[in-house]
Amino acid sequence: LNSSEIPNDFSLFKIQLKFIEEGLIKDDFELQFYRSNAGNVFGSFLQLDDEHRIGGASGICFYIDRKAEVAEVDEFLMEVFSDENLKRLSQECLGFGLQSAHFDHIFEFIEARVGPSYRQEPSFFEHYMFISPSNPPETIQIPEGFKLGPLSLDYVNKMTKFWALEIEFHSDPSTPEEYFENFPFRSTIVKNITERPSFGIFADEDPDKPIAWSTVYINGDTGMLHVDEAYRGRKLARILVRAAVKNFQESHGSDYHTHACCQLKNVASANLLISEGWIKQPYNNKRMYFHESLLARFNK
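Residues numbered from 1 in each chain as written. Predicted model: local features only at pLDDT ≥ 70, side-chain atom pairs only at ≥ 80, totals over all residues. Heavy atoms only, no water.

1. Some remarks on empty space enclosed by the protein
Part 1 of the argument: All chains considered together, the criterion is met by one cavity of 30 Å³ or more.
Part 2 of the argument: Empty space within the largest cavity amounts to approximately 50 Å³.
Part 3 of the argument: Considering the residues around the largest cavity, the lining is formed by Asp 27, Gln 47, Ala 57, Ser 58, Thr 188, Lys 191, Asn 192, Arg 196, Tyr 217 and Ile 218.
Part 4 of the argument: Contributing elements (two or more residues each) for the lining of the largest cavity: β3 (54-64) and α6 (186-195).
Part 5 of the argument: Counting residues per element, the lining of the largest cavity draws most heavily on α6, which supplies three residues. (1 Å grid on protein atoms, 1.4 Å probe; cavity = no way out; pocket = protein on both sides within 12 Å on 5 of 7 lines; lining within 4 Å. Points joined across faces, edges and corners; volume = space filled by probe spheres on them. Helix = DSSP H or I, 4+ residues; strand = E, 2+ residues; numbered from the N terminus.)

See the structure below:
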């Protein structure tokens, strides 16, 4: 199975597979495909952490054939969550991502099969999914006093702090950025900056830190889109979105798509993507995280 055979409705897996085909994923991973007796195809992407255990922000991503019956889905899940694989799961953080009509059933299965290995209850997130347009974006003039440029590792702590607060893995906005140097998801941001396209916008008044940014995750998701509150209303988010699309099209061709997850409550970002011609997909992206030690370590 290759990425061209997967419908756009399942962009979470499709674009990740295309990243693999083009060598854009440098992380350790295992990619497996299954075919049921009825001929339906399933796929699993297993991200491996630094200790070669299954885990991380992307953790496990699935492709579930839309024609599959529940019994076939369960057979596939038992292959992925075999006793051997259960022994390999990260005890620090394990994430699951899925677009499917079966996602509620699948998450119940995962929680029953994986949950006993973790003391903390899992966290759930649901996002709208958008796929980027084929038309090349028009260039927007960057406002005077601002510059668009690449991100560097100097900015990781600030971005990590924002992410931890945004997804409620930490609750104190006054915590210094340095506190997040050992935050488990920090390594994901490092890889986003060093291995895939990332953009920041910098204000002339403080050119050493970005006031807005966007990166690309291992699964091909253009995300972490953020503009500091004091700088909103200047079309900076729109500039970052167009920069991401332009980069993908120039590097891979106009038929190359990225996708974006948007929190259900983030109406402004959803409207921005729609106004830019991004297409909302029929299946949302649901994510579940097990983090046995994460909340205990960082939310004391």
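Now that the structure is up, let's keep going.
2. Focus: the environment of Val 245
Part 1 of the argument: Here Val 245 lies in helix α7 (residues 236-252).
Part 2 of the argument: Residue Val 245 is classed as buried on the basis of its relative accessible area of 4%.
Part 3 of the argument: Once residues within four sequence positions are removed from consideration, Val 245 is found in contact with Ser 132, Pro 133, Pro 137 and Trp 278. (Buried < 20%, exposed > 50% of the residue type's maximum accessible area, 1.4 Å probe, protein only. Contact = heavy atoms within 4.5 Å.)

3. Some words on the pattern of salt bridges
Part 1 of the argument: Counted according to the given criterion, the structure contains twelve salt bridges.
Part 2 of the argument: In this structure, Arg 88 and Glu 30 form a salt bridge, with 2.6 Å as the shortest nitrogen-oxygen distance. Highlighted residues: Arg 88 in the loop between α3 (83-86) and β4 (89-98) and Glu 30 in strand β1 (residues 29-35), separated in sequence by 58 residues.
Part 3 of the argument: You can call Glu 30 partly exposed: its relative accessible area is 23%.
Part 4 of the argument: When the shortest N-O distance is used, the salt bridge between Arg 238 and Glu 276 registers 2.5 Å. (Salt bridge = Lys/Arg side-chain N within 4 Å of Asp/Glu carboxyl O.)

4. Regarding the layout of surface pockets
Part 1 of the argument: Approximately 1,100 Å³ is the volume found for the largest pocket.
Part 2 of the argument: Surrounding the largest pocket, 41 residues form its lining, Met 224, Leu 225, Cys 261, Asn 266 and Ser 269 being those nearest its centre.
Part 3 of the argument: Among the elements of the structure, β3, β5 (123-131), α5 (156-166), β9 (222-227), α7, β10 (259-263), α8 (267-275) and β12 (285-290) are those that each provide at least two residues to the lining of the largest pocket.
Part 4 of the argument: A total of six residues in the lining of the largest pocket trace back to one element, the largest contributor, which is β9.
Part 5 of the argument: For the lining of the largest pocket, the residue count by class is 22 nonpolar, twelve polar and seven charged.
Part 6 of the argument: If you add up the space inside the second largest pocket, you get close to 420 Å³.
Part 7 of the argument: Lining the second largest pocket are 23 residues; nearest its centre among them are Asp 49, Asp 50, Glu 92, Pro 184 and Ser 187.
Part 8 of the argument: Sorting the residues of the lining of the second largest pocket by element identifies β3, β4 and α6 as the ones contributing at least two each.
Part 9 of the argument: Residue classes in the lining of the second largest pocket are distributed as six nonpolar, eight polar and nine charged. (Nonpolar A, V, L, I, M, F, W, Y, C, P; charged D, E, K, R; others polar.)

Just distances and angles here, no functional claims.
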